[in-house]
Amino acid sequence: MRNPLILRGGLVLRFGAAAPERLDIRIGRDGRIAEIGPSLSEGDAETLAVDGQLVLPGLVDMHQHLDKSRTRPLLDNPSGTLAGAAAAYRELAPSITKEQMIDRARRTVEACSAYGTVAIRSHTNIDPQTGVRGVEAMVALREQCASRMRIQIVGHITSGATSMLPESEAWLRQAVDLGIDAIGGVPAFSSEPIALLKLLFDTAQRSGLPLDMHIDEHLDAGRAMFSEIAKMTRAYGMSGRVVAGHSSALSAMPPDEAQRTIDELREAGVGIVTLPAANLFLQGRDADRLPPRGLTRVRELLAAGIPVAAASDNIQDPFVPTGTGDLLEIARWTLLAGQFGLSDLRQMFEMVSTVPAQMIGLGADWGIREGARADLLIARAETIDDLVASGAPERMVMIEGKVVFATTVRQHQDS
Ligand SMILES: [Zn+2]
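Predicted model only: the values in this text are computed from it and were never measured.

Reading the values: rules and limits
- Residues numbered from 1 in each chain as written.
- Predicted model: local features only at pLDDT ≥ 70, side-chain atom pairs only at ≥ 80, totals over all residues.
- Heavy atoms only, no water.
- Helix = DSSP H or I, 4+ residues; strand = E, 2+ residues; numbered from the N terminus.
- Buried < 20%, exposed > 50% of the residue type's maximum accessible area, 1.4 Å probe, protein only.
- Expected span 1.5 Å × (residues − 1).
- Contact = heavy atoms within 4.5 Å.
- Donors = N, O, S within 2.8 Å, 3.2 Å for Na, K, Ca; no water.
- Polar contact = N/O pair within 3.5 Å; in protein donor to acceptor, adjacent residues only side chain to side chain.

Below, the discussion takes up the environment of Pro255. On the secondary structure map, Pro255 appears in helix H7 (residues 255-268). Expressed as a C-alpha distance, the spacing of Pro255 and Arg297, which sit 42 residues apart in the sequence, is 9.8 Å.

Laid out in structure tokens, this is it:
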């Protein structure tokens, strides 16, 4: 229990508001937002002056791979392709201990936390080399990091496991028993993609967990699975509980076919996550000129009213060798690679905050509203557009009303 705290004088982005307003926030002893309003009275609270700074809800990174994070120095991916990355990790995976995995993942969690991320959904390998070892490690990590990050774990059927359906069913049962938060996998890797998709939907239905899958991270429109996913989402009654990550093949379809597919996804209630870092790095390597961006049709999906989040995907591993954990950087890349416009910076911010918060089910616990956890990003920037464009070198991050990271920027004068 801590003393109540008043954040005074900030430009506060209330949940659902179009623009920040100058308001105070009272944070209770329980680390939750007790009151929001102009000029709140002091009472028994301590005061933290945040005059003129933006006070925003903490960011949400809904698609990462913490189990693989920071393995870059241990392997290589000479082809630079998705297949090359998967093969490189497959070779390394058996030698990685849970402790090593947790140590590397914790460094990434700390980096993300320092940039204002307050929740991460981590797709965690279930494969023939390691079974559910990664899930066990991430369950331990989720516990260890609980005071600074809300971690969700996706049981991610990948690599050779995608074609081993009876074994994968058993691994998923174990993963559900270990306490995963969502079911996922890569149907495009499978020798029986539809059968794997059905297994994932069956498991989701049986366990009551949502689905968050890697869908069509390739540029071959001929083997796209979107229609099947829309059909199963309706058949299983899972509208609003199915997420398709990547969905790159949508950009390989002719416009009229893509529009029909987008309409199917909207009607079924499927959400999309775009992962610009991975797609810019991995896709289109076989083009001998004008390589494609590899991103899905982000603008068309948003125009159709489909929820689209943006996320980091891999951080410093064979799938993406770079990565800072800064979601504002991902927002910028989404704007650039998705060819958005000058007035779209605010929408990019929503794609790393409100949209993923809703998609991973943080509900009324998240956002600047009474009763929510005081998980906040307080940043020196004049507007949200400026923040997305420039980033936040000067910022403070709070979890349940407690500062977990702060940085200041000081100009040094010649004397
Ligand atoms: Zn991924």
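Although it is not a glycine, Ser39 adopts a positive phi angle of roughly 45°. Its relative accessible area of 67% is what places Ser39 among the exposed residues. Here Glu400, not a glycine, exhibits a phi torsion of approximately 45°, which is positive. Using a relative accessible area of 26% as the deciding quantity, one classes Glu400 as partly exposed.

Along its 14 residues, H7 runs 20 Å from first to last C-alpha, staying within 8% of the 20 Å computed at 1.5 Å per residue. Tucked into the core, H7 has its buried residues touching helix H6 (226-235), strand E12 (270-274) and helix H9 (298-303). Once H7 ends, the next one or two residues include Gly269, with phi positive near 85°.

The next point concerns the coordination of the zinc ion. Protein coordination at the zinc ion comes from His63 (NE2), His65 (NE2), His214 (NE2) and Asp313 (OD), with a distance range of 2.0 to 2.3 Å. Going along the chain, you hit the donors of the zinc ion in the pattern H-x1-H-x148-H-x98-D. Of this pair, His65 sits in the loop between strand E6 (59-64) and helix H1 (82-92) while Asp313 sits in the loop between strand E13 (308-310) and helix H10 (327-337), and the two are 248 residues apart along the sequence.

Every α-helix carries 3.6 residues per turn, so stepping three or four residues along brings you back to the same face. Along H1, the residues that are buried comprise Leu82, Gly84, Ala85, Ala86, Ala88, Tyr89 and Leu92. Packing partners of the buried residues in H1 comprise helix H2 (98-114), strand E7 (117-126) and helix H8 (276-282).

As for its position among the elements, Asn77 is in the loop between E6 and H1. At 3.1 Å, the side chain of Asn77 and the backbone oxygen of Pro318 are in polar contact. Leaving out residues up to four positions away in the same chain, Asn77 has contacts with Gly84, Ala85, Phe281, Leu282 and Pro318.

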